[in-house]
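Here is how the chains run, residue by residue.
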Amino acid sequence: MTDLAPQTIFLKDYAEPHHWVETVHLTFALSPRATRVRSKIVFTPNDKNTGDLILNGEQLSLKSVTVNGAYVAYDTTDTHLTIKQADLPQEPFTFEAEVEISPETNTALEGLYMSSGMYCTQCEAEGFRKITYYPDRPDVMAVFTVRVESELPVMLSNGNPQASGDGWAEWHDPWPKPAYLFALVAGELLAHAGQFTTMSGKDVELNIYVRKGDEDKCAFGMQALIDSMVWDERVYGREYDLDIFNIVAVDDFNMGAMENKGLNIFNSSCVLASPETSTDATFERVEGIIAHEYFHNWTGNRITCRDWFQLCLKEGLTVYRDQMFSGDMRSHAVKRIEEVLLLRARQFREDNGPLAHNVRPESFVEINNFYTATVYTKGAEVIGMLRRLIGDEAYYKGCDLYFERHDGQAVTIEDWIKAFEDTTGRDLSHFQQWYSQAGTPRLSVEETWDNGTLTLSFTQSTPATPGQDVKKPQVLPIMVGLIAQDGTEVVPNTILEMTESSQSFTFEGLSERPVASILRDFSAPVILQREMDAKTRAFLLANDTDPFNTWEMGRMLAKDTLVAMIVDGTEPDPAYLDALKTMLSDTRKDPAFRALCLALPSQDDLAQTLTDAGVTPDPMAIYEQLEELRHILASAFKDILPALYADNDAGAFKPDANGSGKRALRMAVLSLLTLNDGGAAARNLFETADNMTEQAGALTALLSAGTGQEELASFYAQWFHDRLVMDKWFMMQVAVAAPLEAAHIADKLTQHADFEMKNPNRFRAVFGALQANHGGFHAPDGAAYKLLADWLIKLDPLNPQTTARMCGAFETWKRYDADRQAMIRTQLERILATPNLSGDTTEMVSRILAA
Ligand code: TRP
Ligand code: ZN
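What you are looking at is a predicted structure, and each value in this text was computed from that prediction instead of being measured.

Caption draft 1: Molecular detail of the packing of aromatic side chains. On inspection of all chains with the given rule, the structure shows 45 aromatic pairs. The interplanar angle of 80° and the centroid separation of 5.7 Å between the aromatic rings of Trp298 and Phe403 together place this pair among those described as edge-to-face. Highlighted residues: Trp298 in the loop between α2 (280–295) and β21 (304–305) and Phe403 in helix α6 (residues 392–406), separated in sequence by 105 residues. What makes Phe403 buried here is its relative accessible area of 2%. One Lys or Arg, Arg238, reaches over the ring of Trp298 and ends 4.7 Å from the middle of that ring. In this structure, Lys794 packs its charged tip against the face of Trp791, placed 3.7 Å from the ring centre.

Laid out in structure tokens, this is it:
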């Protein structure tokens, strides 16, 4: 046995490999339990760092190894194959090996596995080593040729098709790539075909491959792909570089999708869409993820990461790019609010707890545990700040230089930043600290007015995070504008660049004291602490020209109201109810925006807000007061709800910004209306809706009002054959369950014939919903903690990656009272004590417990 304790890997230890790879030839003879993989790899010794040939390999049954066609001595462990330097030529040589693997029994969904009868792969980050022996690290880039042998009709790999015959197909990818971008798919698949002509006139064949029965759910994804290709040419000048681009939909997948070169593989929930089965939110997600994976072709594939510490180099940038794309396709104002909601819900939560880490971590045990909100969404915020600081023109110039300078290379954050230093002549070393300091800065502001001059005095500080006690000030672009008392804007968008702990900025020559709108468009990922009365908030809500801050003022009013209700039972301020009512009835405002204004802060958000204010959150009180406020709103808006509901009927379903905005407002209104009309409108809509947004919206409104059991059953009868709709059926019931019932409902659902723990979508439908149901998860009896722990323990041996990810449910445990903390500790310790617990889950639980 060589099963060593999992090792911590450090950024500072990076060293080039001893050998580079020129070319790789792989032959796969596919078979469910005995797939043979033959590899022929041309290695070149690295004269800058000489040594043994070290190859990664896990769970492989090795059949043969040769070097230049002859016997060679080698060593294997559970994780490596090593050949001594002395036994190798000091010039390029050919290594050949044959291994056997078992895709059918691979439930971890990493490496080569089977899903609903098809073969597929997932190699990022370190899955290729479960396919064959190879230097499985992103700085080793090579040209791949792949031959697939099987009786299945469709056989795909990266690059361009080269040749095929009866029972085999060959693919050649001319672009050097790291092994994590390798992909192979084989199955009985149908293609939804499309076509694209690039800006230089090259024809590209496009396909979305799906299983039979899913053909009618591809059209929207195909259009999103074409829109993405056009956008990347127009906005970044980036053209596609192969003759073919394939997407495959797979039912069993650990994450959303994967950007394998020329062969993107998608969780079917992130590519399939049809009006009858998918909500507007799904359409929006599909569009964004297709764009994300396509954009990786340049930011990730043509230019990749030197090592996994640089993950944000490709992910932060690609998220930023997909966000801009979605804004262009829909509405920047709405998109920005949605981004901030997500950032606060996931990344701020992470940054405030035991799992806080740098955008570029400096050490890890299991890299899979670092595909986080911090790397992805805070990584994107950092790009957005950079662009605000240097301006649009310099931003695109810097990107051009980056693409030109590093095409075909595996690079670092330093290389990225250098491209902008070289285009602007600016020293960005302080800015770069965003990559190496964890935690969310608290930014406070005070205003003084003196004889025509307004002074804004800012102070920033960042609380300590695990392993980082001392924090330095960050570079903050703070966008502000000033509004006069009559509502006109006297100073338009201005970026204040803060670099110190405390800094003041003045605006002179003002004829009267204006109201400052601060941190417009959420220009930096900070928590703004600003004393403001309800009147000023209502003023900005009515008069600010910045849509983000307009929404933010409504949100602050709602939060203040709820905090006061929770902490000392104060009745909601009529000023808040009036402002919200005015906003809702203002038909000049985008319905999508009004829907966002009507949505109340989440229970988790309120729990964090109370924690920040030094109050131990009581999850039951939070739940009850939110319910109470819903009833208060329903009754205060009694006279406007029916008309709002009727006027926002979007008519024939189109998944565009306009239609989805109206439906979003209509469904938010319906949820309140249901509290007034006994569910009449919702029942009617449930019966007549021709699209899933309204059908599921009606059902959710009924379930949230404590009824709808009949509709729930008829929903099942209508959709039991559609696994993606069934995920919604599972999810909804747990999501809206009352606190004392949630764990029981989730438990019962796990006993349902359609519950499959091996399918990550289904597992997440139940347990993702359970942890997202704040009151239910933190019910006083601790039943939900125990149920989740039971299932994590069951899932871990099958799928460590998804198990580890779901442990994040417990990351906020230190917020709560001693009883809850004790119950959670018991469950975490029980998980950790499980024999043979995976390295992934061990790392997550230990980090959470160390809080
Ligand atoms: N690189 C992928 C993306 O962001 C995500 C990814 C990383 C992934 N590891 C994965 C997807 C494992 C599935 C399984 O686009
Ligand atoms: Zn990505």
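Caption draft 2: Up close: α6. Helix length check: α6, at 15 residues, gives a terminal C-alpha distance of 21 Å against a target of 21 Å (1.5 Å per residue), a fit within 8%. Of the positions making up α6, those classed as buried are Ala394, Tyr395, Gly398, Cys399, Leu401, Tyr402, Phe403 and His406. Against α1 (219–236), α3 (311–329), α5 (373–390), β23 (410–411) and α7 (413–424) lie the buried residues of α6. Two residues or fewer past α6, Gly408 is found with a positive phi of approximately 85°.

Caption draft 3: Seen up close, the state of the cysteines. Under the criterion given, the structure shown has zero disulfides. Free cysteine: Cys123, not disulfide-bonded; nearest cysteine sulfur from Cys120 at 10 Å. According to the relative accessible area criterion, Cys123 is buried, its value standing at 0%.

Caption draft 4: Focus on the coordination of the zinc ion (ligand 2). Here the zinc ion (ligand 2) is held by His292 (NE2), His296 (NE2), Glu315 (OE) and Glu315 (OE), and the distances to it run 1.9 to 2.8 Å. Angles of 49 to 160° at the metal separate the six donor atoms of the zinc ion (ligand 2), which places the site in the irregular class. In terms of primary sequence, the donors binding the zinc ion (ligand 2) are separated according to H-x3-H-x18-E. Residue His296 is located in the loop between α2 and β21, and its partner Glu315 is located in helix α3; the two are separated by 19 residues in the primary sequence.

Caption draft 5: Quick peek at the site of ligand 1. As a structural note, the neighbourhood of ligand 1 is formed by 15 residues, with Glu124, Glu259, Glu293, Glu315 and Tyr376 the closest of them. In this structure, an oxygen atom belonging to ligand 1 sits 3.4 Å away from a side-chain N or O atom of His292. Interatomic distance of 3.4 Å between a side-chain N/O atom of Lys314 and a nitrogen atom of ligand 1. Across the shell around ligand 1, the residue classes tally to six nonpolar, four polar and five charged. Counting only domains with at least three residues in the shell around ligand 1, you end up with domain 2 (189–302) and domain 3 (308–435).

Caption draft 6: Region of interest: the packing of helix α8 (residues 534–543) against helix α9 (residues 547–568). Two elements in contact, α8 and α9, have axes whose closest approach is 8 Å; the angle formed by their N-to-C orientations is 150°. Taken as axis vectors, α8 and α9 run roughly antiparallel relative to one another. The two elements α8 and α9 meet at a crossing, and its hand is left-handed. Counting all contacts with α8, which are made through Ala534, Arg537, Ala538, Leu540 and Leu541, the residues of α9 involved are Thr550, Met553, Gly554, Met556, Leu557 and Asp560. Within the contact of α8 with α9, the residues separate by chemical class into seven nonpolar, two polar and two charged.

Caption draft 7: Fine view of the sheet that holds strand β16 (residues 190–197). Here we have five strands laid out as an open sheet, ordered β16-β17-β18-β20-β19, and mixed in their pairing. The strands lining the two open edges of the sheet, one partner per strand, are β16 and β19 (257–258). As paired elements, β19 and strand β20 (residues 263–267) share two bridges and run antiparallel to each other. Bridge pairing in β20 links Ala257 to Phe266. Across the sheet, α2 is in contact with β18 (244–250), β19 and β20; its angle to β20 comes to roughly 150°.

Caption draft 8: Molecular detail of the nonpolar core. Core analysis: the biggest nonpolar cluster contains 276 residues, and Phe95 and Trp416 have the highest contact counts within it. In this structure Phe95 touches Ser39, Lys40, Ile41, Phe43, Leu53, Leu55, Val65, Thr66, Val67, Leu81 and Ile83, once residues within four positions along its chain are discounted.

Caption draft 9: Region of the structure containing empty space enclosed by the protein. Applying the stated rule across the entire model yields four cavities of 30 Å³ or more. Its volume calculated, the largest cavity comes out at about 70 Å³. Together, Leu541, Gly554, Arg555, Ala558, Tyr576, Ala579, Leu580, Met583, Cys597 and Ala599 line the largest cavity. For the lining of the largest cavity, the elements supplying multiple residues, two or more each, are α9 and α10 (574–585).

Caption draft 10: Examining the pattern of salt bridges more closely. Evaluated as defined, the whole model comprises 61 salt bridges. Across the pair Asp407 and Arg302 runs a salt bridge whose closest N-O atoms are separated by 2.7 Å. Of this pair, Asp407 sits in the loop between α6 and β23 while Arg302 is found in the loop between α2 and β21, placing the two residues 105 residues apart along the sequence. We classify Asp407 as partly exposed; its relative accessible area is 32%. Sharing partners across several salt bridges, the network here consists of Glu124, Glu259, Lys314 and Glu315.

Caption draft 11: Geometry of the domain arrangement of the protein. The domain boundaries assigned to the protein delineate domain 1 (1–187), domain 2 (189–302), domain 3 (308–435), domain 4 (444–549) and domain 5 (720–851). Using C-alpha coordinates to define each centre, domain 2 is positioned 23 Å away from domain 3. Taken together, the contact between domain 2 and domain 3 spans 24 residues of the former and 26 residues of the latter. Between domain 2 and domain 3, roughly 2,200 Å² of surface is buried when both sides are summed, and carbon and sulfur atoms account for 55% of that area. At the surface where domain 2 touches domain 3, the tally comes to six salt bridges. Residue Arg330 pairs with Glu287 through a salt bridge whose shortest N-O separation is 2.8 Å. Our count for the domain 2 to domain 3 interface comes out at 14 residue pairs in polar contact (both at pLDDT 80 or more). Mapped onto the side of domain 2 that touches domain 3, the elements with two or more residues apiece are α1 and α2. Classifying every residue of the side of domain 2 that touches domain 3 by side-chain character gives ten nonpolar, six polar and eight charged.

Caption draft 12: Expanded view of unusual backbone geometry. That bond from Glu124 to Ala125 is cis: its omega, -5°, falls within 30 degrees of zero. Here Ala125 lies in the loop between β10 (118–122) and β11 (142–149). The residue Asp521 is not glycine, and still its phi comes out positive at about 55°. Structurally, Asp521 is set in the loop between β29 (515–518) and β30 (527–529). Note on Asp521: relative accessible area 23%, which makes it partly exposed. A positive phi angle, close to 50°, is found at Phe522, a residue other than glycine. In this fold, Phe522 is placed in the loop between β29 and β30. Of the residues examined, Phe522 reaches a relative accessible area of 1% and is grouped as buried.

Caption draft 13: Spatial organisation of helix α12 (residues 603–612). Most of α12 sits out of view: seven of its ten residues are buried. Just beyond α12, the residue with positive phi is Gly614, at close to 80°.

Caption draft 14: Representation of the pairing of β18 within the structure. With seven of seven residues buried, β18 lies mostly within the body of the structure. Covered by surrounding structure in β18 are Ile244, Asn246, Val248 and Val250 together with Phe245, Ile247 and Ala249, the residues of both alternating faces. Of the strand pairs in this sheet, strand β17 (residues 203–210) and β18 are connected by five bridges, and their pairing is parallel. The residue bridging Glu205 from the neighbouring strand is Ile244, located in β18.

Caption draft 15: Summary view of the sheet that holds β29. Strand order in the open sheet formed by three strands is β27-β26-β29, with antiparallel pairing between adjacent strands. Two strands bound the open sheet, and with one partner strand each, they are β27 (489–498) and β29. The sheet shows a mean angle of 25° between the axes of neighbouring strands, direction not considered. The strands touched by α5 are β26 (476–483) and β27; relative to β26, the strand with the most contacts, the crossing angle is about 65°.

Rules behind the numbers
Residues numbered from 1 in each chain as written. Chains lettered and ligands numbered in written order. Predicted model: local features only at pLDDT ≥ 70, side-chain atom pairs only at ≥ 80, totals over all residues. Heavy atoms only, no water. Phe/Tyr/Trp six-rings, centres within 6.5 Å; stacked < 30°, edge-to-face > 60°. Helix = DSSP H or I, 4+ residues; strand = E, 2+ residues; numbered from the N terminus. Buried < 20%, exposed > 50% of the residue type's maximum accessible area, 1.4 Å probe, protein only. Lys NZ or Arg CZ within 6 Å of the ring centre and 35° of its normal. Expected span 1.5 Å × (residues − 1). Contact = heavy atoms within 4.5 Å. Disulfide = S-S within 2.5 Å. Donors = N, O, S within 2.8 Å, 3.2 Å for Na, K, Ca; no water. Tetrahedral: all angles 85-135°; square planar, octahedral: opposite > 155°, others 65-115°. Near = heavy atom within 4 Å. Polar contact = N/O pair within 3.5 Å; in protein donor to acceptor, adjacent residues only side chain to side chain. Nonpolar A, V, L, I, M, F, W, Y, C, P; charged D, E, K, R; others polar. Domains from an automatic or database assignment. Axes fitted to C-alpha atoms, helices over the stretch in contact; angles between N-to-C directions. Parallel < 35°, antiparallel > 145°, perpendicular 65-115°, else oblique. Left-handed = near helix turned anticlockwise from the far one by under 90°. Pairing = 2+ DSSP bridges. Core = buried A, V, L, I, M, F, W, Y, C linked by side-chain atoms within 4.5 Å. 1 Å grid on protein atoms, 1.4 Å probe; cavity = no way out; pocket = protein on both sides within 12 Å on 5 of 7 lines; lining within 4 Å. Points joined across faces, edges and corners; volume = space filled by probe spheres on them. Salt bridge = Lys/Arg side-chain N within 4 Å of Asp/Glu carboxyl O. Buried area = accessible area lost by both parts, 1.4 Å probe.

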